[in-house]
Amino acid sequence: MNYRYLTQFIFNWRHNMIRQDTQLLQHWMKEVITTQGSMQYKLQRARQMHQLNEVDVVAATRDISIYSRIQVYTSGYVMRLFECICADFPVLQQFMGDAVFDQFAKASLLWSPSTSYSLYDLGTTFISFLEATRPKHLAVEDEQGAFLHLPVEIARAERARSEALRAKGAEDAGNLNAEIFPEQILFSAHQITLVAPECLRLVVLKFPLKQLFEQAQKGEPMEIPEPAESFVAISRMNYRPTMEELEEWQFCLLKACETPVTLTHALHEAAAVTGIAYATLMAEACIWLPVLQQKGFLMITVEGGGLF
C-alpha cells in the first residue's frame, strides 16, 4: 500500500468535511439572521432547511442563554442595515424627524429584506418603498399631495448625490477651471468636444430642492418648496459635491454629453428638445459653458487634445 497516497487521501477527506461543516454552519446562521418573523420561526425554518438544531450549534453559558446569544446577531444585523439607510439619507431624516424616519426605514427592511452583497443597494430599495407606500390618489398640486411627494423627491436627490460621490470624477482630467473666452467658443478653428464626467447625475424632480439641501447643511429650519418641475445636475468637483438647478436647455445639453459629442451636436440636441433657436443657444453657451465646467458638470476639449 502506498502510504503517502493514503495519508493524502485522509487529509483531503478531513479538509473537505471541515469545509462542508463550515459552509453548513454559515448557511444556517444566514437563515436565522435574515429570515423575517419571531425567533421561534427563524430557528424552525433553519432546522428544516439545514437539519441543524440550535442546541448543537450555539453553546450556552451560566449567564447567557442560547437564544440571547442568537438574538445579539439577529438584532445587530437589522441595526446595521438601519444605520446604512440613515447614513445615506441625512437630509430626508432631518426633514421627516427621527421618529417618523425611523419608522419608514425599519418598515422598508421588512417590506423588502436585503438580498444584495452590498449594503449600498439598500438606498434604491428604500426609495422604492417610499414610492410604493405613498397614497396614489393625491395629486402633487394639492397641499397634502405635495407633502407626500416631497420625501420621495428628497430621497432621489440624495441618492443621486451619493452616486456622484462614489463615481469616478474629473479630478485627474487636468485643469478644468481654465478661463474660456466667448470668442474661443464662437470662432475657434478647432472642433470643440464636450463630455460629462462619470460622476454627473441628471435628475428631473417635482420640487426645487437646492435651497432645502442648503438649509439642511447649515442646520436651519427647512422650508417646504412649492411644487415645480426642477432640472437638477449633481456632480463632484475637487472631491466636493455640487448641486445646481438648471434651465431645461442646460439640462438637455448635459444629457447629450453623456458620451463625447461636439458642441454643435449637443446644441442641436438641446434645440430640438426645447424649441429654442440654435443661434440663441450658442450665445447662451458662451456664457454658461465655463460655469458648467467649473461646477464639475462638463469637460471641454479641443481638436488635437488638451483642455481650454
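Residues numbered from 1 in each chain as written. Predicted model: local features only at pLDDT ≥ 70, side-chain atom pairs only at ≥ 80, totals over all residues. Heavy atoms only, no water.

What follows concerns the packing of aromatic side chains. Counted by the stated rule, this structure contains five aromatic pairs. Ring plane angle 65° and centroid distance 5.7 Å describe the contact between Phe101 and Phe126, whose orientation is recorded as edge-to-face. Within this pair, whereas Phe101 is found in helix H6 (residues 98-111), its partner Phe126 is found in helix H7 (residues 122-133), the two being separated by 25 residues in sequence. As far as the burial class goes, Phe101 and Phe126 line up, both buried. Members of the aromatic cluster, connected to one another through ring pairs, are Phe89, Phe101 and Phe126. Positioned over the ring face of Phe82 is Lys106, at 5.2 Å from the centre of the ring. (Phe/Tyr/Trp six-rings, centres within 6.5 Å; stacked < 30°, edge-to-face > 60°. Helix = DSSP H or I, 4+ residues; strand = E, 2+ residues; numbered from the N terminus. Buried < 20%, exposed > 50% of the residue type's maximum accessible area, 1.4 Å probe, protein only. Lys NZ or Arg CZ within 6 Å of the ring centre and 35° of its normal.)

Here we come to the nonpolar core. Counting 36 residues, the largest nonpolar core has Leu92, Phe101, Ile154 and Leu209 as its most contacted members. Among the elements of the structure, helix H4 (66-88), helix H5 (90-96), H6, H7, helix H8 (143-166), strand E2 (201-205), helix H10 (210-218) and strand E3 (230-237) are those that each provide at least two residues to this core. Considering every element that reaches this core, the biggest residue donor is H8, with seven residues. Core analysis: the second largest hydrophobic core is formed by 29 residues, Leu202, Ala256, Ala266 and Leu292 among them. (Core = buried A, V, L, I, M, F, W, Y, C linked by side-chain atoms within 4.5 Å.)

Ordered by their spatial adjacency, three strands build an open sheet running E5-E1-E6, and the pairing between neighbours is antiparallel. In this open sheet, the two edge strands, each paired with only one partner strand, are strand E5 (261-262) and strand E6 (299-302). Pairing of strand E1 (residues 192-195) with E5 involves two bridges; the strand directions are antiparallel. The residue bridging Thr193 from the neighbouring strand is Thr262, located in E5. (Pairing = 2+ DSSP bridges.)

As paired elements, E3 and strand E4 (residues 240-246) share seven bridges and run antiparallel to each other. The residue of E4 that forms the bridge with Phe231 is Leu246. Counting the residues between successive antiparallel strands, the hairpin from E3 to E4 contains two residues, one of them, Asn238, with a positive phi of roughly 55°.

The backbone phi angle of Asn238 is positive, close to 55°, even though this residue is not glycine. Here Asn238 is to be found in the loop between E3 and E4. Positive phi, normally seen in glycine, also occurs at Tyr239, with a value near 65°. For Tyr239, the position within the fold is in the loop between E3 and E4. Looking at Tyr239, the relative accessible area reads 58%, which means it is exposed.

Relative orientation and spacing of two packed helices are given, respectively, by the angle between their axes and the distance between those axes. Relative to each other, H6 and H7 sit at 105°, their axes nearing to 9 Å. Considering their axes alone, H6 and H7 lie roughly perpendicular with respect to each other. Across the interface between the two elements, Phe101, Phe104, Ala105, Ala107, Ser108, Leu109 and Trp111 from H6 touch Leu122, Thr125, Phe126, Ser128, Phe129, Leu130, Ala132 and Thr133 from H7. (Axes fitted to C-alpha atoms, helices over the stretch in contact; angles between N-to-C directions. Parallel < 35°, antiparallel > 145°, perpendicular 65-115°, else oblique. Contact = heavy atoms within 4.5 Å.)

Another point: the pattern of salt bridges. Taken as a whole, this structure holds eight salt bridges when the rule is applied. The salt bridge partner of Arg159 is Glu163, with a shortest N-O separation of 3.5 Å. Linking Arg159 with Glu163, this pair stays in helix H8, spanning four residues, or about one helical turn. Residue classification places Arg159 among the buried positions, given a relative accessible area of 8%. The closest approach of N and O atoms between Lys255 and Glu258, which form a salt bridge, is 3.2 Å. Each of the salt bridges in this network shares a partner with another, and the network as a whole consists of Arg159, Glu163 and Arg201. (Salt bridge = Lys/Arg side-chain N within 4 Å of Asp/Glu carboxyl O.)

As a further point, take the environment of Gly296. Along the chain, Gly296 falls in the loop between helix H13 (278-294) and E6. A sequence separation of 58 residues divides Gly296 from Asn238, and the C-alpha atoms of the two residues are 8.3 Å apart. Apart from residues lying up to four places away in sequence, Gly296 is in contact with Pro197, Ser235, Arg236 and Met237.

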